[in-house]
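Now for the letters of each chain:
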Amino acid sequence: MVNAAQPGILAPAPRVGRYLFFSLTAAAPDALGAALQRLAPLVDGATVVVGLGADTVRMLGAKVPGLRAFPVLDNAAMALPSTPIALWCWLRGDDAGDILLASRALVRALAPAFALDRVLDGFRHGEGPNGHGRDLTGYEDGTENPRDAEAEAAALVVDGGAGLVGGSFAALQQWEHDLDAFERMTPQRQDDMVGRRRSDNEELDDAPPSAHVKRTAQESFTPEAFVLRRSMPWAEGMRSGLMFVAFGCSLDAFEAQLRRMAGLDDGVVDALFQMSRPVTGAYVWCPPVQGGQLDLRAVGL
Ligand code: HEM
């Protein structure tokens with residue numbers, strides 16, 4: 001067990017979640033260190049998970065090996081936006097009011113170096129046969145996640161010294177569903193799109209190569225590409241989708257999966273694109289915690 005990881009990374013997704021996306025302001029060069037020092041004691045890693053973007057780390061004059069910008073995959077058949085962010089907070093709980101009040105404290109601590117650009121509210125939807133929540137399409141999400149020691153191995157950095165061990169990298173992609181398009185598909189086509197049967201979550205042996213779980217089968221990559229997915233459905237008015245979040249000990253596994261979903265390996269595009277598309281894409285580094293607060297030693301704070 002790596003004690004220093006933000007505990008919310010390994011815990012199951014909460015009932016209510018809120019994502020805060022921040023950018024750097026003109027005040028950042030002078031105000032950045034102090035803002036992060038005000039933030040650190042507010043972050044236990046359990047009720048809020050925090051990640052820093054590559055620009056923030058660079059502006060601090062620091063280096064986190066493996067942190068990079070979300071790639072621009074030029075040759076992909078569909079748009080995969082790269083929308084870098086400076087700082088990400090994932091608030092986790094079961095009371096939307098508490099989460100709103102906690103968000104206010106985070107925004108206050110981070111000003112004036114960081115400006116809050118976007119807020120997205122997520123939630124747990126239903127429960128599948130394996131105890132995970134469902135995507136809004138009704139399919140259980142999280143079945144093939146690694147568990148226990150394997151989850152830690154997939155998600156957490158194990159070397160690099162104090163301030164780096166227990167850290168994690170997160171790939172963040174907001175996907176917007178076209179549920180009308182999904183509902184127009186026959187149940188068979190829906191199951192073929194995912195590669196699992198919605199009614200009992202069984203994997204379909206005869207699913208087409210475009211099926212999502214065929215595209216992303218973690219053991220099928222060389223090297224194997226395991227990540228720890230902690231996504232949540234989101235809704236804003238009548239718009240909705242999945243806030244995809246995958247934690248990794250590096251960003252390589254996610255990137256290999258995304259490339260294959262986009263058809264860049266073999267020309268076969270993931271069938272999910274028939275009813276959903278990513279509208280954002282960002283990478284962050286989630287520092288470890290020490291003494292119940294964010295450990296920012298790796299960035300010199
Ligand atoms: C609209 C967006 C997405 C939806 C609705 C979705 C939904 C699902 C569902 C229902 C499963 C099967 C159950 C499970 O094992 O969790 C699954 C598996 C998986 N998904 Fe996604 N997913 C989405 C996007 C992505 C993205 C962007 C990636 C990575 C680039 C990804 C990676 C995976 C992986 C690694 C698995 C497990 C594959 C295996 O080893 O069997 N998913 N997803």
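Residues numbered from 1 in each chain as written. Predicted model: local features only at pLDDT ≥ 70, side-chain atom pairs only at ≥ 80, totals over all residues. Heavy atoms only, no water.

*Asks:* Just to check I follow, could you spell out the packing of helix 2 (residues 28-39) against helix 4 (residues 96-110) for this structure?
*Replies:* Packed helices, taken two at a time, are described by their axes: the angle between them and the distance between them. One can describe the packing of helix 2 onto helix 4 by two numbers: an axis separation of 8 Å at closest approach and a directional angle of 155°. Taken together, the axes of helix 2 and helix 4 lie roughly antiparallel to each other. Between helix 2, through Ala35, Leu36, Arg38 and Leu39, and helix 4, the contact on the second element is made entirely by Leu106, Ala109 and Leu110. Across the contact of helix 2 with helix 4, the residue classes tally to six nonpolar, no polar and one charged. (Axes fitted to C-alpha atoms, helices over the stretch in contact; angles between N-to-C directions. Helix = DSSP H or I, 4+ residues; strand = E, 2+ residues; numbered from the N terminus. Parallel < 35°, antiparallel > 145°, perpendicular 65-115°, else oblique. Contact = heavy atoms within 4.5 Å. Nonpolar A, V, L, I, M, F, W, Y, C, P; charged D, E, K, R; others polar.)

*Asks:* Hey, could you run me through the packing of aromatic side chains in this one?
*Replies:* Any pair of aromatic rings gets described here by the distance separating the centres and the angle formed by the planes. This structure, assessed with the given rule, holds twelve aromatic pairs. Plain terms: the ring middles of Phe70 and Tyr283 are 5.0 Å apart, the flat faces sit at 55° to each other, and that makes the pair tilted. Highlighted residues: Phe70 in the loop between helix 3 (54-59) and strand 3 (87-93) and Tyr283 in strand 10 (residues 282-286), separated in sequence by 213 residues. Tyr283 carries the same exposure label as Phe70, and that label is buried. Here Trp88 and Trp90 contribute two aromatic rings whose centre-to-centre distance is 6.3 Å and whose plane-to-plane angle is 20°, an arrangement assigned as stacked. The exposure classification of Trp88 matches that of Trp90, with both residues buried. (Phe/Tyr/Trp six-rings, centres within 6.5 Å; stacked < 30°, edge-to-face > 60°. Buried < 20%, exposed > 50% of the residue type's maximum accessible area, 1.4 Å probe, protein only.)

*Asks:* I keep staring at the site of the ligand and nothing clicks. Help me out?
*Replies:* In the region of the ligand, 26 residues are neighbours, and Gly142, Glu144, His212, Gln218 and Arg229 sit closest. The contact in question runs from an oxygen atom of the ligand to an N or O atom on the backbone of Thr143, over 3.1 Å. When residues of the shell around the ligand are traced back to their parent elements, those giving at least two are strand 5 (168-177), helix 8 (212-216), strand 8 (239-248) and helix 9 (252-261). Classifying every residue of the shell around the ligand by side-chain character gives eleven nonpolar, nine polar and six charged. (Near = heavy atom within 4 Å. Polar contact = N/O pair within 3.5 Å; in protein donor to acceptor, adjacent residues only side chain to side chain.)

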